[in-house]
Amino acid sequence: SKPETQARKFSTSSKPKIAIQKSNPSVLELVKSFPSGLTRLISCIQAYQNINEAAFSKHNTWSNSNNGLVGYIPRRQSEQKRKLKRDLTKVALPVGFAAIPFIGNSIFPIIAFSPSFFLSSHFLEGYQRPIAHDEYRDRLGAFEACANYFWVTVLREGKERKLDVMAKLKRSDDGKAGAIVDGCALYDLCHDRFPNHIPRQQLLKIAIVAGMSPVIVAILPSVWIRFRLGSIAKDIILDDSDLIRDNIYDGGCQSLTDDEILNANSLRGLPCGRDISYDEMRNYLTKHLGIMKPIFENKGGKIGLLGSFASAMFVLHLPAIRLKTDPPTNTLK
């Protein structure tokens, strides 16, 4: 169908990479690039509609390759839809304000303070990798606090039991991404013991681990932060499920483009700095999916994980836990 063709062209197209060394665009660069960014965003919105129309048409290659399942959407297009929703949440306010005559441009100095918080990649073409590098650096600073809180919270039994749990969790090492852990054992520990109420200071740390701006998130209400954390965790769970379902995991994530692997690792808090190659990123994502696959198989699939606050906290804490598998000394007393 025509919508399917348009959706496929949009999702698989590649663009020349722009080599940019600095992390953030200047105010003037933001103003100049804003119209073209808006054009790219509109194109994505049109592609969103094309994907939906293609999925529910009677005859398309997606359903034909999946036993005629109407409504099936491949991972690439599904993640394109999820990413667009995340992007629209970011840009709705800045775009609306920028459209106001005379005073619209006054928002750009604010945007320049934290471009990735206010704008999507449509408006930051060429800056995605430097921004991902800086965001991951911020996350590293919050990983230890999040991991410590996790261990202090879930390890409440005697020393022998705690040491037994720890021995089962760590299996091997995965370099900069941390340890390969027993996903099911760790998930059960989190699901049974993680509290529904989290102190605000700890909530801010989790938000930073999830990729939110450390400065901006400090002034946001806790209710909004919890909502965003739940939304991010949901997208991770759905994307992990799609990557496993479509055999992308089995192929070592080699079918993902460089932009796709950068977005995937950035979403999950996996290493994505400028000192890491795209193939290393694919390896880190593959190892992450290897941890998640047994959980999907034993805990009811994505349906079993969605809607649970403890599941969301497990997914968001996982990169921090993997880098700090040793709990604070006082929890083992």
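The structure this text deals with has already been given above.
Notes on the structure in this doc start here. Treat the numbers as computed from the prediction; the structure is a model and nothing was measured. (Residues numbered from 1 in each chain as written. Predicted model: local features only at pLDDT ≥ 70, side-chain atom pairs only at ≥ 80, totals over all residues. Heavy atoms only, no water.)

Section: a nonpolar patch on the surface
- A surface patch of nonpolar side chains, amounting to about 370 Å² of accessible area, comprises Ile100, Phe102 and Ile103.
- By the element assignment, Ile100 lies in the loop between helix 4 (75-98) and helix 5 (108-113).
- Among the residues examined, Ile100 registers a relative accessible area of 35% and is labelled partly exposed. (Patch = residues over 30% accessible without salt bridge, like charges linked within 9 Å, V, L, I, M, F, W, Y side chains within 5 Å. Areas by Shrake-Rupley, 256 points an atom, 1.4 Å probe, with all protein chains shown as cover. Salt bridge = Lys/Arg side-chain N within 4 Å of Asp/Glu carboxyl O. Helix = DSSP H or I, 4+ residues; strand = E, 2+ residues; numbered from the N terminus. Buried < 20%, exposed > 50% of the residue type's maximum accessible area, 1.4 Å probe, protein only.)

Looking at the pattern of salt bridges
- This model, assessed by the stated rule, comprises 18 salt bridges.
- As a salt-bridge pair, Lys176 and Asp275 come within 3.0 Å of each other at their nearest N and O atoms. Of this pair, Lys176 sits in the loop between strand 1 (170-173) and strand 2 (179-181) while Asp275 sits in the loop between helix 13 (258-268) and helix 14 (278-298), and the two are 99 residues apart along the sequence.

So, the side chain of Ser120
- In this fold, Ser120 is placed in the loop between helix 6 (115-118) and helix 7 (128-154).
- Within the structure, Ser120 has its side chain in polar contact with the side chain of His122 (distance 2.7 Å).
- The residues contacting Ser120, other than those within four sequence positions of it, are Asp87, Lys90 and Val91. (Polar contact = N/O pair within 3.5 Å; in protein donor to acceptor, adjacent residues only side chain to side chain. Contact = heavy atoms within 4.5 Å.)

So, the packing of helix 9 (residues 183-193) against helix 16 (residues 309-323)
- Where helix 9 contacts helix 16, the axes come no closer than 9 Å and their chain directions differ by 125°. Compared by their axis directions, helix 9 and helix 16 come out oblique. Where helix 9 crosses over helix 16, the two elements pack in a sense that is right-handed. Where helix 9 abuts helix 16, its residues Gly183, Leu186, Tyr187, Cys190 and His191 lie against Ala310, Ser311, Met313, Phe314, Leu318 and Ile321.
- Considering only residue class, the contact of helix 9 with helix 16 consists of eight nonpolar, three polar and no charged. (Axes fitted to C-alpha atoms, helices over the stretch in contact; angles between N-to-C directions. Parallel < 35°, antiparallel > 145°, perpendicular 65-115°, else oblique. Left-handed = near helix turned anticlockwise from the far one by under 90°. Nonpolar A, V, L, I, M, F, W, Y, C, P; charged D, E, K, R; others polar.)

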